[in-house]
Amino acid sequence: MSTNPADKSIEAFVKQGLQYASSLNNDIIISSHVEKLEQFRYPCRINAITVLVVLGGRMEYSINLKHYTIEDTGILINFPENIITINWARDIEAYAVILSTSYMNQLKVELSQRVASYIQFKRAPFCPVPYADLANLEGYYVLIKWQMDHPNPESSHIVAGLVEAFMYQSISLVDRERVVPAAAQPELSRALEISNQFMQLLAQYHTQERGIAFYASKMCVTRNYLSMVIKQCTGKTVRDWIDEYVVLEAKSLLRFSGLNVQTIAYRLNFPTQSSFGKYFKNKTGLSPKDYIKHHAQSQ
């Protein structure tokens, strides 16, 4: 398990205190006061799917060190491999449902495979949805919260059913807002399947493997085919995605882990500190030490 302090589980969130939220069995956290959740004020990577339903107000958040502003009603979905921060919120009316990955697997709601716009969510985490449609979702949240706050022997089963319904309804709304022409669906489905599998492997192995051939072999496809599909589906090359994940991980470790550069280089499977430094400077324009100094001065 990673010792990076940005990494958190739902259990870790619960242990830190949830004054403005409810939790159940270290599997679920729900809150209608997301702006007051202390844990989100600092960069963290949660081993969970986070669904944020925004009914009004404004909010600025960061995912993977990129800043976004919400000024509309809609649904934000954050995936376990992402680093998320809520920078500020004004007059925000929203609620969050945070589900551990193990709990999601038990429910068999495979979000990355079921949402046709998974790749778009990776690039643009927020999907605008009309308020009238979102209002129908709120009933699920109210029922889930009541059940969690008034537990009984059947609560876990009841909550599981409500969460499944909430997730499928959320997915349905998002899919409707990002309609794909019927003629393009078979081709897109295969492309998304390949893209989703690649993203899952990349999230799992990016600290160990940076070669395109490794991922193609894992997926039983050729390098050229993988490269073509990923480029068509995401607008980026396989190499771009690998470098983005590795650089993001490096930036997170350099800024927040407290580890020295040599340890970070070995953690990211570079043979030497020098090779890591050359790679990082080539991708960012700064050496690892200069990157640390730059952000220390800007804080």
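Criteria and thresholds
Residues numbered from 1 in each chain as written. Predicted model: local features only at pLDDT ≥ 70, side-chain atom pairs only at ≥ 80, totals over all residues. Heavy atoms only, no water. Helix = DSSP H or I, 4+ residues; strand = E, 2+ residues; numbered from the N terminus. Buried < 20%, exposed > 50% of the residue type's maximum accessible area, 1.4 Å probe, protein only. Pairing = 2+ DSSP bridges. Expected span 1.5 Å × (residues − 1). Contact = heavy atoms within 4.5 Å. Core = buried A, V, L, I, M, F, W, Y, C linked by side-chain atoms within 4.5 Å. Phe/Tyr/Trp six-rings, centres within 6.5 Å; stacked < 30°, edge-to-face > 60°. Lys NZ or Arg CZ within 6 Å of the ring centre and 35° of its normal. Salt bridge = Lys/Arg side-chain N within 4 Å of Asp/Glu carboxyl O. Axes fitted to C-alpha atoms, helices over the stretch in contact; angles between N-to-C directions. Parallel < 35°, antiparallel > 145°, perpendicular 65-115°, else oblique. Left-handed = near helix turned anticlockwise from the far one by under 90°. 1 Å grid on protein atoms, 1.4 Å probe; cavity = no way out; pocket = protein on both sides within 12 Å on 5 of 7 lines; lining within 4 Å. Points joined across faces, edges and corners; volume = space filled by probe spheres on them. Nonpolar A, V, L, I, M, F, W, Y, C, P; charged D, E, K, R; others polar. Polar contact = N/O pair within 3.5 Å; in protein donor to acceptor, adjacent residues only side chain to side chain.

Side note on the overall build of the protein chain
Piece 1. Scanning the protein chain from N- to C-terminus turns up 13 helices and nine strands.
Piece 2. Expressed as a percentage of its 299 residues, the buried residues of the protein chain come to 47%.

A few points about the pairing of strand E3 (residues 28–31)
Piece 1. Of the two faces of E3, the one carrying Ile28 and Ile30 and the one carrying Ile29 and Ser31 are both buried.
Piece 2. Sheet analysis places strand E2 (residues 22–24) next to E3, joined by three bridges and oriented antiparallel. Bridge assignment links Leu24 to a residue of E3, and that residue is Ile28.
Piece 3. Between E2 and E3, which pair antiparallel and follow one another directly, the connecting turn spans three residues, one of which, Asn25, has a positive phi of 55°.

Remarks on helix H5 (residues 131–149)
Piece 1. Here H5 spans 27 Å end to end across 19 residues, near enough to the 27 Å set by a 1.5 Å rise per residue.
Piece 2. Among all positions in H5, only Asp133, Leu134, Leu137, Tyr141, Ile144, Gln147 and Met148 are buried.
Piece 3. As for H5, its buried residues are in contact with E2, E3, strand E5 (48–63), strand E7 (74–78), strand E8 (84–100) and helix H6 (155–177).

Observations concerning the nonpolar core
Piece 1. Among the nonpolar cores identified, the biggest contains 33 residues, and Phe198, Tyr215, Leu226, Ile242 and Phe276 are the most heavily contacted of them.
Piece 2. Of all elements in the fold, only helix H7 (185–205), helix H8 (212–219), helix H9 (223–234), helix H10 (238–256), helix H11 (261–267) and helix H12 (273–284) reach the threshold of two or more residues within this core.
Piece 3. By residue number, the principal contributor to this core is H10, which donates nine residues.
Piece 4. Of all hydrophobic cores here, the second largest spans 32 residues; its members include Tyr95, Leu99, Leu173 and Val174.

Here we look at the packing of aromatic side chains
Piece 1. Per the counting criterion, the structure on display carries ten aromatic pairs.
Piece 2. Plain terms: the ring middles of Tyr95 and Tyr141 are 4.5 Å apart, the flat faces sit at 35° to each other, and that makes the pair tilted. Taken together, the positions of Tyr95 in strand E8 and Tyr141 in helix H5 put the pair 46 residues apart, joining distant regions of the chain. For the pair formed by Tyr95 and Tyr141, the shared burial category is buried.
Piece 3. Seen in terms of ring centroids, Phe214 and Tyr215 are 5.1 Å apart; in terms of plane orientation they differ by 90°. Their pairing is edge-to-face.
Piece 4. Among the residues examined, Tyr215 registers a relative accessible area of 0% and is labelled buried.
Piece 5. Through successive ring pairs, a cluster of aromatic residues spans Phe270, Phe276, Tyr279, Phe280 and Tyr291.
Piece 6. Geometry around Trp88 places Arg90 over its ring, the cationic atom sitting 4.1 Å from the centre.
Piece 7. In this structure, Arg210 packs its charged tip against the face of Phe270, placed 3.7 Å from the ring centre.

Concerning the pattern of salt bridges
Piece 1. The full count for this structure, using the stated rule, is seven salt bridges.
Piece 2. Residue Arg45 is joined to Glu249 by a salt bridge in which the shortest nitrogen-to-oxygen separation is 3.2 Å. Taken as a pair, Arg45 in strand E4 (residues 45–46) and Glu249 in helix H10 lie far apart in primary sequence, 204 residues in all. Of the two residues, Arg45 and Glu249, neither departs from the other in class, the shared state being buried.
Piece 3. For Asp243, the salt bridge goes to Lys283, with nearest N and O atoms at 3.0 Å. With Asp243 in helix H10 and Lys283 in helix H12, the pair connects residues that are 40 residues apart, well separated along the chain.
Piece 4. The exposure class assigned to Lys283 is partly exposed, which follows from its relative accessible area of 39%.
Piece 5. Connected through salt bridges with shared partners, the residues Arg239, Asp243 and Lys283 form a single ionic network.

What about the packing of H5 against H6?
Piece 1. Closest axis-to-axis distance for the H5/H6 pair is 9 Å, and the angle between their directions is 165°. The orientation of H5 with respect to H6, classified from their angle, is roughly antiparallel. When the axes of H5 and H6 are compared, the crossing they make is left-handed. Residues Asp133, Leu134, Leu137, Tyr140, Leu143, Ile144, Gln147 and Met148 of H5 lie in contact with H6, whose contacting residues are Ser155, Ile158, Val159, Leu162, Val163, Ala165, Phe166, Gln169, Ser170, Leu173 and Arg176.

Some remarks on empty space enclosed by the protein
Piece 1. Enumeration according to the criterion identifies one cavity of 30 Å³ or more in this entry.
Piece 2. The space that makes up the largest cavity amounts to roughly 90 Å³.
Piece 3. What lines the largest cavity is Val34, Phe40, Thr50, Leu52, Met59, Tyr61, Leu76, Ile84, Ile86 and Ala96.
Piece 4. Broken down by class, the residue content of the lining of the largest cavity amounts to nine nonpolar, one polar and no charged.

Topic: the side chain of Thr73
Piece 1. Tracing the chain through its elements places Thr73 in the loop between strand E6 (66–70) and E7.
Piece 2. Here the side chain of Thr73 touches Val129 through a polar contact of 2.6 Å, landing on its backbone oxygen.
Piece 3. Beyond its immediate chain neighbours, meaning those up to four positions away, Thr73 contacts Val54, Leu55, Gly56, Phe126, Pro128, Val129, Pro130, Tyr131 and Leu134.

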